Amino acid sequence: MKHVVCLCLLVMTGSPLIMNAQDSLIPEPSDTTAVAGVKKTKEKGPTFTYVRVGIDLSKVVSSALQKQYDVLEFQADVYYKKDLYFAAEFGTGNSLVENNYLKYKSHNTFISLGLDKTFFGKDFRGDFDNAFVGLRYGLGLINRGEAGYAIHDTVWGNTQGLIPAEHFIAHWLELTGGFRMELIKNIFVGWNVRARTFINPKKFEKLPPSYVAGYGRGDKNSNFGYNFYVLYGLGKRR
């Protein structure tokens, strides 16, 4: 009888022991459940919000200073997230081989695609000044015109002839690194160096172009180059 009386008193007074026992039977809300049964979802921030496009001024200057090639190269990149950019280069060019033995012209267009990864964190929201390293795959469509040749031989006499035109595709890989900085709002300059190597060098064993836009000297299976870009940016900074 004493036990029954004690139990009744505990219920009437709302003892913490009974309250805790009742609470333990109620399941705790999960991490994905919010007030009124609405699921919590992590909002993913928008990507590809800021784009830069520009021209390689170094190729404009070098093309004007010599007659071996005439090239225009452009670049575009888009900010993806944190320290990652998607990048592309594209352009076109003409080149000439002319000496006492050979004469032919070449024309090519190219595109290279890849990624750039920056080294340092942002100092403030929308800060796009940074050093970077990147990797590219390049593809060029090459048209070599008809080649004229001359063979000078004092014994058998001189010989002249023509070699038919040829069209083929060039593939290469390149590693690049450099930096970009904003001079004034949305106007950037960027300088980078590149190491490139042909994937299909056999295509260039016979009468290579003197210069391949996007790659460099056509008679080199591997080469080094540089670019100096001026770029304009537009979009939302994050």
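Rules of the game
- Residues numbered from 1 in each chain as written.
- Predicted model: local features only at pLDDT ≥ 70, side-chain atom pairs only at ≥ 80, totals over all residues.
- Heavy atoms only, no water.
- Core = buried A, V, L, I, M, F, W, Y, C linked by side-chain atoms within 4.5 Å.
- Buried < 20%, exposed > 50% of the residue type's maximum accessible area, 1.4 Å probe, protein only.
- Helix = DSSP H or I, 4+ residues; strand = E, 2+ residues; numbered from the N terminus.
- Contact = heavy atoms within 4.5 Å.
- pLDDT = per-residue confidence, 0-100.
- Pairing = 2+ DSSP bridges.
- Arc of directions from axis to C-beta.
- Salt bridge = Lys/Arg side-chain N within 4 Å of Asp/Glu carboxyl O.
- Phe/Tyr/Trp six-rings, centres within 6.5 Å; stacked < 30°, edge-to-face > 60°.
- Polar contact = N/O pair within 3.5 Å; in protein donor to acceptor, adjacent residues only side chain to side chain.

**Quick word on the nonpolar core**
(1) Moving on: The biggest cluster of nonpolar side chains holds 13 residues, and the ones touching the most others in it are Ile142, Ala170, Trp172, Phe198 and Phe204.
(2) Moving on: When residues of this core are traced back to their parent elements, those giving at least two are strand E2 (69-81) and strand E8 (166-184).
(3) Moving on: For this core, the element with the highest residue contribution is E8, accounting for three residues.
(4) Moving on: Once residues within four sequence positions are removed from consideration, Ala170 is found in contact with Gly138, Leu139, Gly140, Ile142, Phe198, Asn200 and Phe204.

**Re the confidence of the model for the protein chain**
(1) Moving on: For the protein chain, per-residue confidence averages 83 on the pLDDT scale, and 81% of positions sit at 70 or higher.
(2) Moving on: Overall, residues 1-13 carries pLDDT values under 50, and its contacts beyond four positions in sequence, including any with other chains, amount to one contact.
(3) Moving on: The model gives residues 15-43 a pLDDT under 50, and that stretch makes nine contacts with residues more than four places away or in other chains.

**Concerning the pairing of strand E1 (residues 50-56)**
Side-chain positions along a regular strand alternate between the two faces of the sheet.
(1) Moving on: In terms of strand pairing, E1 meets strand E10 (residues 222-235) through seven bridges, oriented antiparallel. Bridge pairing in E10 links Arg52 to Gly233.

**Some details on the pairing of strand E9 (residues 187-198)**
(1) Moving on: Both E8 and E9 contribute to a ladder of 12 bridges, which runs antiparallel. Its bridge partner being in E9, Thr176 is matched across the sheet by Arg194.

**Things to note about helix H3 (residues 57-65)**
Given 3.6 residues per helical turn, the α-helix brings residues three or four places apart onto the same face.
(1) Moving on: Here H3 has its buried residues at Ser58, Lys59, Ser62 and Ser63. Within H3, the buried residues cover an arc of 125 degrees as seen down the axis, which keeps them to one side. Exposed and oriented more than 90 degrees from the buried face of H3 are Ala64 and Leu65.
(2) Moving on: Those residues of H3 hidden inside the fold are in contact with E1, E2 and E10.

**With respect to the pattern of salt bridges**
Where side chains of opposite charge bring their charged atoms close, a pairing between them can arise.
(1) Moving on: Here the structure, examined in full by the defined rule, presents 14 salt bridges.
(2) Moving on: With a closest N to O distance of 2.8 Å, Asp116 and Arg136 form a salt bridge. Of this pair, Asp116 sits in strand E4 (residues 102-118) while Arg136 sits in strand E5 (residues 130-144), placing them 20 residues apart in sequence. This pair shows no difference in class: Asp116 is buried, exactly as Arg136 is.
(3) Moving on: Across the pair Glu174 and Arg196 runs a salt bridge, and its minimum N-O distance is 3.4 Å. One end of the pair, Glu174, is in strand E8; the other, Arg196, is in strand E9, and 22 residues separate them in sequence. A single burial state applies to Glu174 and to Arg196, both of which are buried.
(4) Moving on: Where salt bridges share partners, they join Arg52, Asp77, Glu89, Asp116, Arg136, Glu174, Arg180, Arg194 and Arg196 into one cluster.

**Description of the environment of Gly214**
(1) Moving on: Of note, Gly214 is situated in the loop between E9 and E10.
(2) Moving on: Linking Gly214 and Ser112, residues 102 residues apart in sequence, is a C-alpha distance of 7.8 Å.

**Observations concerning the packing of aromatic side chains**
(1) Moving on: Across all of its chains, the model carries 17 aromatic pairs by this definition.
(2) Moving on: Each ring, one from Tyr85 and one from Phe128, has its centre 6.3 Å from the other, and the planes form 75 degrees; the classification is edge-to-face. With Tyr85 in strand E3 (residues 84-98) and Phe128 in the loop between E4 and E5, this pair connects stretches of sequence that are 43 residues apart.
(3) Moving on: Taking the relative accessible area as the measure of exposure, Phe128 reaches 2% and is therefore buried.

**Section: the side chain of Asp116**
(1) Moving on: With a relative accessible area of 1%, Asp116 lands in the buried category.
(2) Moving on: Side-chain polar atoms of Asp116 contact the side chain of Arg136, separated by 2.8 Å.
(3) Moving on: A distance of 3.0 Å separates the side chain of Asp116 from the side chain of Arg180, its partner in a polar contact.

**So, the side chain of Glu89**
(1) Moving on: For Glu89, the position within the fold is in strand E3.
(2) Moving on: A polar side-chain atom of Glu89 sits 3.1 Å from a polar atom in the side chain of Arg194.
(3) Moving on: Each residue touching Glu89, except ones within four places of it in the same chain, is listed here: Phe74, Gln75, Phe110, Ile111, Ser112, Arg136, Arg194 and Tyr229.

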